[in-house]
Every structure is written in C-alpha cells, then in structure tokens.
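Read off the chains here:
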Amino acid sequence: MMKEENRTDKKKLFKGIKTMLFALLSLFMGPILLSFAFSQPDNKLYIPLLVIGCAISAMAVIMMFKGIKTIMDSMFKKKKA
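What counts and what doesn't
- Residues numbered from 1 in each chain as written.
- Predicted model: local features only at pLDDT ≥ 70, side-chain atom pairs only at ≥ 80, totals over all residues.
- Heavy atoms only, no water.
- Axes fitted to C-alpha atoms, helices over the stretch in contact; angles between N-to-C directions.
- Helix = DSSP H or I, 4+ residues; strand = E, 2+ residues; numbered from the N terminus.
- Parallel < 35°, antiparallel > 145°, perpendicular 65-115°, else oblique.
- Left-handed = near helix turned anticlockwise from the far one by under 90°.
- Nonpolar A, V, L, I, M, F, W, Y, C, P; charged D, E, K, R; others polar.
- Buried < 20%, exposed > 50% of the residue type's maximum accessible area, 1.4 Å probe, protein only.
- Polar contact = N/O pair within 3.5 Å; in protein donor to acceptor, adjacent residues only side chain to side chain.
- Contact = heavy atoms within 4.5 Å.
- Patch = residues over 30% accessible without salt bridge, like charges linked within 9 Å, V, L, I, M, F, W, Y side chains within 5 Å.
- Areas by Shrake-Rupley, 256 points an atom, 1.4 Å probe, with all protein chains shown as cover.
- Salt bridge = Lys/Arg side-chain N within 4 Å of Asp/Glu carboxyl O.
- Lys, Arg positive; Asp, Glu negative; His and termini not counted.
- Charge placed at Lys NZ, Arg CZ, Asp CG, Glu CD.

**Student:** Before we move on, can you summarise the packing of helix 1 (residues 10–39) against helix 2 (residues 46–75) with the specific residues and values?
**Tutor:** Interhelical geometry of helix 1 versus helix 2 gives an angle of 160° and a closest axis separation of 7 Å. Judged by the inter-axis angle, helix 1 sits roughly antiparallel to helix 2. Classified by chirality, the crossing of helix 2 by helix 1 is left-handed. Among the residues making up the contact of helix 1 with helix 2, the classes are represented as 26 nonpolar, nine polar and two charged.

**Student:** Got a sec to walk through the side chain of S74? Specific residues and values, please.
**Tutor:** By the element assignment, S74 lies in helix 2. S74 sits in the buried class, given a relative accessible area of 0%. In terms of polar contacts, S74 uses its side chain to reach the backbone carbonyl oxygen of I71, at 2.7 Å. Apart from the residues lying within four places of it in its own chain, the contact partners of S74 are R7, T8, D9, K12 and L13.

**Student:** An account of a positive patch on the surface is requested, with residue identities and associated values reported.
**Tutor:** Together, K12, K15, K18, K66 and K77 make up a positively charged patch on the protein surface. The element contributing the most residues to the positive patch is helix 1, with three residues. If you trace the backbone, K12 turns up in helix 1. Judged by relative accessible area, which is 34%, K12 ranks as partly exposed.

Encoded structure:
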C-alpha cells in the first residue's frame with residue numbers, strides 16, 4: 001500500500017491541466033491576431049492588434065511554464081520541514 005505522502009495531489013494536478021489548456025488556447029489565438037495585424041499594416045488597428053497579439057503570445061509561454069511547474073509540484077511535492 002502506498003503512503004499518503006507519495007500520492008499525487010489531484011486538485012493541484014487539475015489546476016495545472018486547466019492552466020495548460022488556457023495556454024494552448026492562447027498559443028493559437030496570439031499568432032492568429034499577429035497574422036491579422038501583419039496582413040493589413042495600413043489599417044488603423046495595426047498597432048493595437050500587434051500589441052495584443054504579442055501580449056497573448058508571451059502570456060501563453062508564461063502560462064505553459066506555470067502549468068508544467070504546477071503539474072510537477074502535484075506529482076513530486078516537496079517535503080515540509
């Protein structure tokens with residue numbers, strides 16, 4: 001029988017998976033907005049779309065790292081001193 005301290009924290013695991021799903025959505029949405037911005041550089045929405053697309057793309061990368069860290073923490077939790 002496994003000890004309770006060696007089990008995966010399910011709540012933390014699902015939180016990490018949810019973060020990864022939002023990151024996946026952002027990974028598609030950011031480049032789509034960037035391609036819309038780059039396809040019409042004469043448009044008055046060029047700068048706002050460019051800024052929003054860059055921000056969403058950067059947020060996706062940060063969310064991926066946070067999601068992976070949360071999932072790893074749920075599986076391999078640190079011992080409390």
